[in-house]
Amino acid sequence: MNQDEIKRLLGIKAADYIDPWLQVDAYIGVGTGSTANHFIDALAGVQHRFAGAVASSVASADRLKSHGIRVVELNEVSSLAVYVDGADEINPAFSMIKGGGAALTREKIVASAADQFVCIADSSKWVEQLGAFPLPIEVIPMARSLVARKLVGLGGTPVLRENTRTDNGNEILDVHDLNITDPAHLESQINQIAGVVTNGLFARRGADVLLMDVDGEVRIQKRRGSA
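Quick summary incoming for the structure in this document. Throughout this description, residue numbers start from 1 for each chain and increase along the sequence as written. The model is predicted, so local features are restricted to residues of pLDDT at least 70 and side-chain atom pairs to those at 80 or more, both for listing and for counting; the totals for chains, interfaces and linings are taken over all residues. Heavy atoms from the whole structure form the basis of all side-chain values; hydrogens and water molecules are not counted.

For the rest of this paragraph, the subject is the pattern of salt bridges. Think of a salt bridge as a Lys or Arg side-chain nitrogen and an Asp or Glu carboxyl oxygen that are within 4 Å of each other. Following the criterion strictly, the structure yields 11 salt bridges and no others. A salt bridge links D85 to K98, with the shortest nitrogen-to-oxygen separation between them at 2.7 Å. In this pair, D85 is assigned in strand β3 (residues 82-85) and K98 in the loop between β5 (96-97) and α4 (104-112), connecting sequence segments 13 residues apart. Residue burial is assigned from relative accessible area. The probe radius is 1.4 Å, only protein chains are included, and a residue is buried under 20% of its type maximum, exposed over 50%, and partly exposed in between. Classification of D85 by relative accessible area gives buried; the value is 0%. Residue classification places K98 among the buried residues on the basis of a relative accessible area of 2%. One connected set of salt bridges, linked through shared partners, spans D85, K98 and E107. A helix here means a DSSP run of H or I that spans at least four residues, while a strand means a run of E at least two residues long, and both kinds are numbered starting from the N terminus.

Once that is clear, we can look at a nonpolar patch on the surface. Every patch collects residues that have over 30% relative accessible area and no salt bridge, joining them within 9 Å if they carry like charges and within 5 Å if they are nonpolar side chains (Val, Leu, Ile, Met, Phe, Trp, Tyr). Only the protein chains shown count as cover for residues, and the accessible areas themselves come from Shrake-Rupley with a 1.4 Å probe. The grouping of I140, M142 and V197 at the surface amounts to a nonpolar patch, some 300 Å² of accessible area in total. Residue position: V197 is located in strand β10 (residues 196-199). What makes V197 partly exposed here is its relative accessible area of 33%.

Geometric values such as these leave the question of function open.
Written as structure tokens, this is what we have:
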């Protein structure tokens, strides 16, 4: 199978996996990106099973609506049964780097509201240590240079993502060369820099479940200690 076929398979399997959480009054969180798009497409056939979805980006909201799936704002619901999204990298502790699609802040917010976080990723995203994929950081535009200098002090090489504005109207710095040995600590450290909205490390709230392809089959793994 090619990459797109693998992503389509992951999307279908994810829709099957979350079936126990699909209740007529339940809301689910939906991520952003090419793999998440296939999950959205798979949801179209079961949209009668749940009340609606909270999207992590305008693009995902538009795709959900195109299938007739009700989209609501997070402020309208008290909780989310499950959040499903992809990753740019994921390690054995189920910490991730996300934000290749520039939706990291809304992804992090929606993930934090969900009882379960299900990550769907092809096997190329599995790494022993995070950091080969540049770490995206959403920054307030007026603070871009200040934040970049602070990141250099942490050993990183920040590069402005050209012609990109987030759905929140901010800019993205992609940071290369970081030595990410303690993702949760670095996540907190970067978020303390004035001007940073958030960064693409999902370690303090990592995935609970991983659906990943192995030789054309989808394997389900649960994070150690996860119910």
